[in-house]
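Residue-level listing of the chains:
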Amino acid sequence: MTRSAGLRGLAMAVVATTALSLPIAPASAANPTREVPAAAAAAVPIAASEVRNYAWFNQKTDSDMHGGLVGHVSRLINAAPAGATLSLTLYFFNRQEIVDALRGAAARGVRVRIVINGSQVGTAHHTALKSIPNVRLVTCGERRSDGQSTRGCVSTRTGAAPLNNPPLLHDKFMTISSVRLAGGGTARNVLYVSSANLDHYRAYENALTISHAGLYNTYLGYFNDLVRYGSSGRTSPNYGRTTTVGTHRVYTFPRREAAGRTPGSASNDPIVSLLKSTNCSGGTRIDLANFRIQRAAVVKELKAARSRGCQVRIVTGATSGRPHDAGPPMKALVDLARAMPVHLCGYTDAGGIPMHEKFMIIRRGGQSTLYTGSHNLTYRALRQNDENILALRNHPLAAPFQQRFEQHHSTCLPYQPPANAGSTIDGEDAG
């Protein structure tokens, strides 16, 4: 892929811990049920650099903006040997390469388990996954007439705004118990976490892959819960929890507000809590890149942190809570943009590319925490969806994510809300 000079320099500087993927040729989505040749059954070793502290980012110039990511995920799947366990979540899915890789893994004796959102029911690729022998496929919900799912895996919660849309399985992660490495050896406890769906969507995205027993086990436990709820029909609208793994953390969702509080409140919102507790002395920096910024309480704490002396920089990818920005701007985003610069990498008449990433970096002196995963700053993500955030404390992957933020912040233009856009932040927008 094409990279800026700064990104090339960063890749060289962290070559021992981080790799940036190269693009692959776009693949056809046709014939999703074709068989994989028997020769594909053997595990194909993967480079160690793609397993241990690997970061992937795409560029606008990539002809297939998810192609590099799909290639990376395919290589991970292809490297899983017989006897390994592979657990994959899918929100929106239409990549033939992944179907082929999963079919080959199952054929060679990998235990393959997939949880997929109900919106995919009836699609050619969902049908293809169901046709693979020896694969456990759990579908959370059914496809509605509007193309959405009837539920997430753990919640069916709907209601008045801001919860008027149904829940989703919105996770985009995979765990593999072991993969073969090029040159010999095996990497165990492999965890992949991304902002991107395995589809053909044109957007700025990120992904990381690490080998870490504690984080692997936490995500595996979360996946097992998705399977249990999704296959049994049970619900848990306050399922979410925060798990500490050494110096790192994993946040899962949905999280219900406390009794007597409204869904649009700050109640039980971990992003609000961590922003509120951020010490702004000593030049603390908060760099936030999130596709949708809708939650009024999060905006309030970003403004408060800036008032306390934190340097706060914001990049977002959409102004509306509706698909393709086909709606009025979100009230909280308008309020934020009128308080501080907000840079927008979003849909434009000139063919602008939305920033679909969901990460934040908080730095103070030599300390940093990278937060990344599937979680948009919407009410749906907080109160209804199956979502995850991975928080890595003082981790080498913070460096390439910081470089990515700088790239967006320097190239995406400040957002100017329409003069007639309301700034009342009542938390009533759709998720």
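Conventions used here
Residues numbered from 1 in each chain as written. Predicted model: local features only at pLDDT ≥ 70, side-chain atom pairs only at ≥ 80, totals over all residues. Heavy atoms only, no water. Pairing = 2+ DSSP bridges. Helix = DSSP H or I, 4+ residues; strand = E, 2+ residues; numbered from the N terminus. Contact = heavy atoms within 4.5 Å. Axes fitted to C-alpha atoms, helices over the stretch in contact; angles between N-to-C directions. Buried < 20%, exposed > 50% of the residue type's maximum accessible area, 1.4 Å probe, protein only. Disulfide = S-S within 2.5 Å. Salt bridge = Lys/Arg side-chain N within 4 Å of Asp/Glu carboxyl O. 1 Å grid on protein atoms, 1.4 Å probe; cavity = no way out; pocket = protein on both sides within 12 Å on 5 of 7 lines; lining within 4 Å. Points joined across faces, edges and corners; volume = space filled by probe spheres on them. Nonpolar A, V, L, I, M, F, W, Y, C, P; charged D, E, K, R; others polar.

(A) Quick look at the sheet that holds strand 15 (residues 387–393). Strands sit in the order 8-9-15-14-13-10-11-12-16 across an open sheet of nine strands; the sheet is mixed. In the strand order of this sheet, the two ends are held by strand 8 (242–245) and strand 16 (413–414), each with one partner. Note: strand 12 (residues 342–344) against strand 16, two bridges, orientation antiparallel. Across the sheet, the residue bridging to His-343 is Pro-414, located in strand 16. Relative to strand 11 (residues 311–316), helix 7 (residues 296–308) is tilted by about 150°, and along the sheet it contacts strand 10 (285–290) and strand 11.

(B) Main features of the environment of Ile-176. By the secondary structure assignment, Ile-176 is in strand 5 (residues 173–180). In this structure Ile-176 comes out as buried when scored by relative accessible area, which is 0%. Sequence spacing of Ile-176 and Ser-87 is 89 residues, and the spatial spacing of their C-alpha atoms is 6.5 Å. Each residue touching Ile-176, except ones within four places of it in the same chain, is listed here: Leu-76, Ile-77, Ala-80, Thr-85, Leu-86, Asn-189, Val-190 and Tyr-216.

(C) Spatial organisation of the state of the cysteines. With the rule as written, the count across this model stands at three disulfides. Between the sulfur atoms of Cys-140 and its disulfide mate Cys-153 the distance is 2.0 Å. Its S-S torsion of about 90° marks the bond between Cys-140 and Cys-153 as right-handed, since a negative value means left-handed. Linking Cys-140 in strand 4 (residues 135–140) with Cys-153 in the loop between strand 4 and strand 5, this pair joins segments that are 13 residues apart in sequence. For the pair Cys-140 and Cys-153, one class covers both residues: buried. Paired through a disulfide, Cys-280 and Cys-310 show a sulfur-sulfur distance of 2.0 Å. Because the torsion about its S-S bond is -95°, the bridge between Cys-280 and Cys-310 counts as left-handed. Residue Cys-280 is found in the loop between helix 6 (270–276) and strand 10, and its partner Cys-310 is found in the loop between helix 7 and strand 11; the two are separated by 30 residues along the sequence. In this structure Cys-310 comes out as buried when scored by relative accessible area, which is 5%.

(D) Focus on the pattern of salt bridges. Summed over all chains, the structure comprises 14 salt bridges. The partner of Arg-228 in a salt bridge is Asp-225, and the shortest N-O contact between them spans 2.2 Å. In this pair, Arg-228 and Asp-225 both sit in helix 5 (residues 213–232), three residues apart, roughly one turn of the helix. When the shortest N-O distance is used, the salt bridge between Arg-383 and Glu-257 registers 3.7 Å. Placement of Arg-383 in helix 9 (residues 379–383) and of Glu-257 in the loop between strand 9 (248–253) and helix 6 is noted, with a sequence separation of 126 residues between them. The exposure class of Arg-383 is buried, given its relative accessible area of 0%.

(E) How the structure looks around the layout of surface pockets. A volume near 810 Å³ is recorded for the largest pocket. Along its surface, the largest pocket is lined by 31 residues, and Tyr-91, Leu-168, Arg-292, Pro-323 and Arg-380 are the ones closest to its centre. Looking at side-chain class alone, the lining of the largest pocket contains eight nonpolar, 16 polar and seven charged residues. By volume, the second largest pocket is sized at about 450 Å³. Residue lining of the second largest pocket: 23 residues in total, with Leu-274, Ile-362, Thr-369, Tyr-371 and Arg-393 positioned closest to the centre. Among the secondary structure elements, those contributing two or more residues to the lining of the second largest pocket are strand 8, strand 9, helix 6, strand 13 (358–364), strand 14 (367–373) and strand 15. For the lining of the second largest pocket, the class distribution of residues is seven nonpolar, twelve polar and four charged.

(F) Structural detail: the environment of Val-70. By secondary structure assignment, the location of Val-70 is in helix 2 (residues 67–78). Sequence separation of Val-70 and Gln-96 is 26 residues, and the distance between their C-alpha atoms is 9.6 Å. Excluding residues that lie within four positions of it along the chain, Val-70 makes contacts with Arg-95, Glu-97, Ile-98 and Leu-198.

(G) Local environment of empty space enclosed by the protein. Under the counting rule described, the total for this entry stands at two cavities of 30 Å³ or more. Empty space within the largest cavity amounts to approximately 100 Å³. Looking at the largest cavity, the residues that line it are Ile-271, Leu-288, Asn-290, Lys-358, Phe-359, Met-360, Tyr-371, Thr-372, Gly-373, His-375, Leu-377 and Ile-389. For the lining of the largest cavity, the secondary structure elements donating two or more residues are strand 10, strand 13 and strand 14. Class assignment of the residues belonging to the lining of the largest cavity gives a composition of seven nonpolar, four polar and one charged. What lines the second largest cavity is Leu-88, Thr-89, Leu-90, Tyr-91, Phe-92, Asp-171, Lys-172, Tyr-192, Ala-196, Asn-197 and Leu-198. Considering each element in turn, the lining of the second largest cavity owes the most residues, three residues, to strand 2 (residues 85–90). Residues that form the lining of the second largest cavity fall into these classes: seven nonpolar, two polar and two charged.

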